[in-house]
Structure formats: structure tokens, C-alpha cells
Amino acid sequence: MSIPVSLYSIGISLELCKKHKTKTIFTIRPERITSILQMLYRKLISRSCRIVYTARCKESTAAPGRRAGGDKKRYSEAEPEHEKQAAEKQNEQGKEETIMKKTENRDGQLKFQKAAALLGAAVLALGAVGCGSRTGAAGTGKTEAVTEKAKAAENENTENAQAAGRENAKGEALKGSITLAGSTSMEKFANALAEAFMEKYPDVTVQAEFTGSSAGIEEVLAGQCDVGNSSRNLKEEEKGKGAVENIVAIDGIAVVTDPSNEVTDLSKEQLIEIYTGKVTNWEEAGGADLPVVVVGREAGSGTRGAFEEILGVEDTCKYANELDSTGAVMAKVASTPGAIGYVSLDVVDDSVKALALDGAEASEENIKAGSYLLSRPFVMATKGEISEQSSLVQALFDYVYSAEGSELVKSVGLITVD
Amino acid sequence: MCEKKHSIMGSRIDGSMTEHTAAWIFTGCGLLAVIAVFSITLYMVLNGTPALFKVGILEFLFGTVWKPTADPASFGILYVILTSVFGTFLAILLGVPIGVMTAIFLAEIASPKAAAVVRPAVELLAGIPSVIYGLLGILIFNPLMYRAEQYLFAGSKTHQFTGGANLISAVLVLAVMILPTVISISEASLRAVPKELKSASLALGASRMQTIFKVLVPAAGSGIMTSVVLGCGRAIGEAMAISLVSGSSVNFPLPFHSVRFLTTAIVAEMSYSQGLHREVLFTIGLVLFIFIMFINTVLTGMFRKGVGGNGRA
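All figures in this text were calculated on a predicted structure; none of them were measured in a lab. The written sequence of each chain sets the order in which its residues are numbered from 1. For this description, chains carry letters from A and ligands carry numbers from 1, given in the order in which they are written. Under the rules for a predicted model, residues below a pLDDT of 70 receive no local features and side-chain atom pairs below 80 are neither given nor counted, while totals for whole chains, interfaces and linings still include all residues.

Caption draft 1: Examining the pairing of strand S9 (residues 339–344) of chain A more closely. Residues and elements named next belong to chain A. Exposed residues have 12 or fewer other C-beta atoms within 10 Å of their own C-beta, buried residues have 20 or more, and residues in between are partly exposed; the C-beta atoms are placed from the backbone. Runs of H or I in DSSP of at least four residues are treated as helices and runs of E of at least two as strands, each being numbered from the N terminus. Among the six residues of S9, six are classified as buried, and the element is accordingly described as predominantly covered. Note: two strands are recorded as paired if DSSP finds a minimum of 2 bridges between them. Of the strand pairs in this sheet, strand S5 (residues 247–257) and S9 are connected by five bridges, and their pairing is antiparallel. Counted as the bridge partner of Ala254 is Val343 from S9. Examined bridge by bridge, strand S7 (residues 293–297) and S9 share two bridges and lie parallel to one another. Each bridged residue has a counterpart across the sheet, and for Val293 the counterpart in S9 is Ala339.

Caption draft 2: Spatial organisation of the packing of helix H3 (residues 78–109) of chain B against helix H6 (residues 167–191) of chain B. All names here are of chain B. Interaxial distance between H3 and H6 falls to 6 Å at its minimum, and their mutual angle equals 35 degrees. Crossing of H3 against H6: the hand is right-handed. In the contact of H3 with H6, the residues fall into 20 nonpolar, five polar and two charged. All axes are obtained by fitting lines to C-alpha atoms, using only the stretch in contact for helices, and the reported angles, taken between N-to-C directions, cover 0 to 180 degrees. Crossing handedness is read from the near helix: turned anticlockwise from the far helix by less than a right angle, it gives a left-handed crossing, and turned clockwise, a right-handed one. Gly falls in the polar group here, along with every residue not listed as nonpolar (Ala, Val, Leu, Ile, Met, Phe, Trp, Tyr, Cys, Pro) or charged (Asp, Glu, Lys, Arg).

Caption draft 3: Structural view of helix H14 (residues 403–411) of chain A. Residue and element names in this part refer to chain A. Those residues of H14 that sit buried are Gly405, Leu408 and Val409. Viewed end-on, H14 has its buried residues packed into an arc of 100 degrees, placing them on one side of the element. Facing away from the buried side of H14, by more than 90 degrees, are the exposed residues Ala403, Glu407 and Ser411. Think of it this way: build a C-beta for each residue from its backbone, and any pair within 7 Å is a contact. Elements that come into contact with the buried residues of H14 comprise helix H6 (187–200), S5, helix H13 (391–401) and strand S13 (415–416). Residue Gly413 follows H14 closely and has a positive phi angle near 90 degrees. Arc definition: it is the arc formed by the directions from the helix axis to the C-beta atoms.

Caption draft 4: Expanded view of the pairing of strand S12 (residues 375–383) of chain A. Residue and element names in this part refer to chain A. Counting buried residues along S12, seven of its nine residues qualify, which places the element largely inside the surrounding structure. Relative to S12, strand S3 (residues 227–230) is paired through three bridges, and the arrangement is antiparallel. Bridging from a neighbouring strand, Gly228 pairs with Ala381 of S12. Pairing geometry for strand S4 (residues 243–244) and S12, over two bridges, is antiparallel. Across the sheet, Ala243 pairs through a bridge with Lys383, a residue of S12. The sheet contact formed by S5 and S12 spans five bridges and is antiparallel. Looking at S12, one finds that Asp251 is bridged to Arg376.

Caption draft 5: Expanded view of the environment of A:Thr326. Residues and elements named next belong to chain A. For Thr326, the location among the structural elements is in helix H11 (residues 326–335). The class of Thr326 is partly exposed, set by 18 C-beta atoms lying within 10 Å. Taking the C-alpha atoms as reference, Thr326 lies 9.0 Å from Thr303; in sequence the two are 23 residues apart. Excluding its chain neighbours within four sequence positions, the residues that come into contact with Thr326 are Val343, Ser344 and Val347.

What follows is the structure, given as C-alpha cells:
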């Protein structure tokens, strides 16, 4: 906006340099306005400064040549010397009077304000101390009530008698902490699970660390954490060491392009070629003569990791745009003709078009049936079967596989496992 | 204005509690600024140097491959550094002449009515948050640059099309962002030039434009240099606005390439990084910090020397 303004200003300056006119326009000096406002303020707000007001009036009438509130001197001001000095002296006297009275009044005001501030601070401090202990007491009372309610609700909701028995026993004695470690892609799910579980069992602490899928499985096999989160299936050697694969949710990745693109489906090979830079024009993929703009995520993203891992193109992708959030990818793809990008399945809306891969549309049914290739399981691995774990971990898995857990899975945008 | 003497350190002559407390409060605030700068420097150095030695200084500063999640990872930020330097330089090249000429317009040539339109517009520009510039870049500059790209590289087999998110979009956004700083400081320094210089030059027969460009601008030189330094600081430190328009792939900084700046490199990958990757991001912050210190000291030293040499105000 300022480029046209500046160009306009250059134009005007060139135009005006032809005319050598100087105009003097009468302007209301800003200092005048502020001094008038100051006078009004003092008059209205502070009674004690009435003396100041009259003193200032005296000052301004005593020296007609000087502007009120301004100290500027001009070379062009022509005033005889002695008049100047007399006016100055009168100004100083008037100012001294006003300052002495002002400081007296202000001292009194300052003392009052200091005392009020100290008193206020003391009251706030006492209140904070008092309130803290009160909310602490109220908090524990509340959590007891919640545990009671949770126990009651659980007893009501269970269908399995054995499950009811287990939960009953657990409802009384659930205390301790569980550690989850592993995939960063599961961060949203793990945090939501931890929060919901801790709300249900307030004496249990669930801690989640995000160190990567492989690191998480290693930790659970070494016994350093209770559950290892992994956003891929377990390898045979990991299963051989005793890790049990408990799939808790499925994550789908949709490949999207802008709505005006004619292409509606791609094969796996075409997708790989687009992302590794071998195919650079939509013509080669069956569309119009439009260059391909390859959009992806930044290096640490779980979506990027999953996408590249499933297609087998880690470290060989050539991105034109590496954006740092799903929303940014959606916005870019929606507004750029010829763009292609990948996002989580749950955020796809009407502003972009989701492509079918190898003939399978990107939908929940196809993912559950296994025909859509860009899907990955979210695994919460344990060392040994669930029934061999501690009661806390068993309660966690019960929660995840229950109706509440399914709600949680759907609320973070994943697909439940039947 | 008043005759009563107030010493900032307080004295026994007027030794009331208020005086002493006030003096301590002001000293404390001043110390806070010093402590803040010192602790930021210390924090950056402490967090930035471990990765520097783990990766190796030469490989880090002069390597060209940035693949932090590969196996094995490679952290080479040469292209990133070049992009920051080059991008800032271009933004200044574009923004400073326009800014100085607008300042000349506001200070010398504008009638009060025209100034009353332009000055509030400049001040409004200064107040707009940087994210809005980024959004405007996405709305306006990216489509324009994409069309330009399609026109210039039509049929090219080697160019990677970026959809308009490239170095030029980022440079345009940066140039618009540094304009308000440059304009307001340059205008203030032009107004501060003593009127005698202008009168003398006009009296000697110079035309208005000659006076402005040969007398006033050199006289206001130190102020204009200050505005350039501040604009430079803002351009090199900008992260949010250009992360939306610059494309964020690590490439050599040519105008139509998707590029990554030092600032956007940190912003883009901080949330998901872990381990060595995260430490390397802190090292990039340290490099950026050193750059800014360097630019500030060099440019300040330069114009101070210039002032001493020419003997101008």
C-alpha cells in the first residue's frame, strides 16, 4: 500500500518543485492545545491546584511575548533586552510559588497513595494465602466426590460381570503413575488419553514422553516405561523380544489437491514420482498442462514421517514448500492451482479435493477394509500380554477399548479399531 | 523549568524516603535492562555451543545439506545464512530509497493537507502486527509471483515451481515492513537539520531538488543511517510474516527459489524437534544473534566514523 503512496509522493514532489510558493497557514499550535487541556484537567480533577491555575494565569498575562508551556526560542524574535529580563523574573517568581504549593499538595497526595498501595498489597497477599488453602481443601473434597461418581458410573456402564468385578476392585485402589513413551504423531492422542484418564482416576498420574516410535518400543522392552507408543506396526524382531502389539486407533493420511484440478486419482508409483521430482507437470499424470507444486510438512512432522515411510521415499522427497502445520498445507493447496499436499484425514473439507489412491477413496471404510494404502496403526505396545501388566496399565487399556475410549479416539480425529 | 534541584542519586539535603526509594527503583529498572541483555547472551551461548561442537563448526556453517531427520542427519546451514543475508540486503535495497524519498516528501515538499494524509498512513503501517503482513503476502504477493513464475519459466524442465512462495515474495513483504521505521526516523532527522543550511543553499542559487539531495540529505546522514540500521535489524529478525510467504525449503537464494531464512528455520521446526535437532536449532539462534550484534556494531561504528570525519551534525 505504501509503494503506490510513495510513488505518488515522488510524483507530487516532482510536480511541486516547479512551483516556488510558500504559504503560511494559520494553525493551532499543538502546545496550545495541550496547555489548555492541562488547565482543564487540573481545574476539574484537583481542587488543590486552583492556586496553580490562578498562578499560571498570572504568569501568562505577565509575559505576553512567551507562549505558554513552550521553551522554544527563535532567532527572529525581536524583544528589547530589559523587557525580556523583567518578564523572566516575574515568570520565575510565579513558577516558584506554583511549584512550592504543588509539591506540598503532591507530597500529601503521594503519602496517601503510598499508604493505600501498601494496604491493598497486604490485603491481596492475605487473600491469596487464605484462598490457596481454601481451594486446596475444596479440591480434595471435589476429587473424592468425582471418584465416587466415577465408581458409580463405571458400575452402571459395565456389561461384563468380570469387568465389573475388576473395575470395582480398581475403583477403590487405583493409585500410582503410568509412563507412556514413544511416537510424536501420537502426541495429541496420548495427551488427550492422559488427561481423560487422570480426570477419571484422580490419584493416578499418567506421563507421556515423545521420543519417537523406535525409542518408545526400546524403552518398553527395557522396562523403563509402562507403555510404548508407536505409529507403525511392530517389527518381527521386536515381537520376538516380547513386545505385544495392541492397536488402539488407525490414522489416515489424505492426499489433497486444489478443486480445479482435473485429476481425481493417482497410482502409488505416480505419487512417488511426483514427490521425488520425476514428474513435474500434471500432463504426465493425466491432467492439464499445469506445473506440479509439491507441498509438504517440515522435517520433524509425524505426518511427513508416516507419509514418507509408507511410500518408502524417506530423504528423497523434493518439496517446493515445507510448511509447518496442517492448516498451512490446506490453505496453500486450496489457493494454488496445481498444488498437491498431504494432510490428516480428519481435516479434509470442501476447499480441497482428496485424491483416490490406487482406485480407493480416502474414507474410513476403505481404511478399515485395508484398501487405502496411506493408513497407519497407532500401537500401544506392552512387554507381555495386557493381562500380565499391573492393574493400572490394565485399567488404562480397559478405558481405551471402552465406549469412552472410542469417543476419545474419534474426538482427536482418529479411526477406532473394531 | 523549575528552580528546585533534583538529583537522581538523592542527597542528604532533601533526603526523604520517597527520594531514595525512587532513586533505587530507577536504578533497578536500568539494571534490569542490562541484566536482560547479559542473560540472553549467556543463555544463547550456553544452549548454542554444544551442538556446534557435536556437529563440527565447519560442517555446520559451510555445509549445504539440511536433512535433520535423515539417518545419518546432516546439518548444513550455508544456504540458510546466505538467504538471510541476501534477503535482508534486497529488502533494504528496495525499502530504503522509497522510505527516504517519502521522508523527503513529508519533510520538505508536502503541503500540510497532503502530509495529513500520508503521515497517519505511515504511522498506521508501523502499528500493523507482522502476522497481518504475512497474511497479506499470501493473499496478494503469492498469486502475483506464481503468475510471474508461470510466465517466466513456462516449459522449463529444471525449475521447481513453488506456487509463488519464494525469495521475492519474502523480500517484498520485508521491504513494506521496514518502510515505516525508515520513513519516520528519516523524516525526523531531516526536520532536525538547521534551517540556516537550507536557506544558505537556496540563497546561493541552488534549486529545491539540488538543496534537498546535496545539502539536506547528507546533513541528515546520521539519522538516515540510524533508520537503515533499525530497518536492517527488523528485516533480519522477522520470522512470522515471511514464514508464510517464503516456501521454507532449503535452497540457494535465487529470486524464484523456495528459501528458508535463519528465523523461519527455527520457527518451522522447533515444535517437533528433539535431541540433537533441537540443540542445532538453538545454535541457529546463536548464529542469528551474532549476526545482529555484528550488523549493529559495524553499522553504528560506520556512521559514527562518518560523522567524525565530515564534522557534520
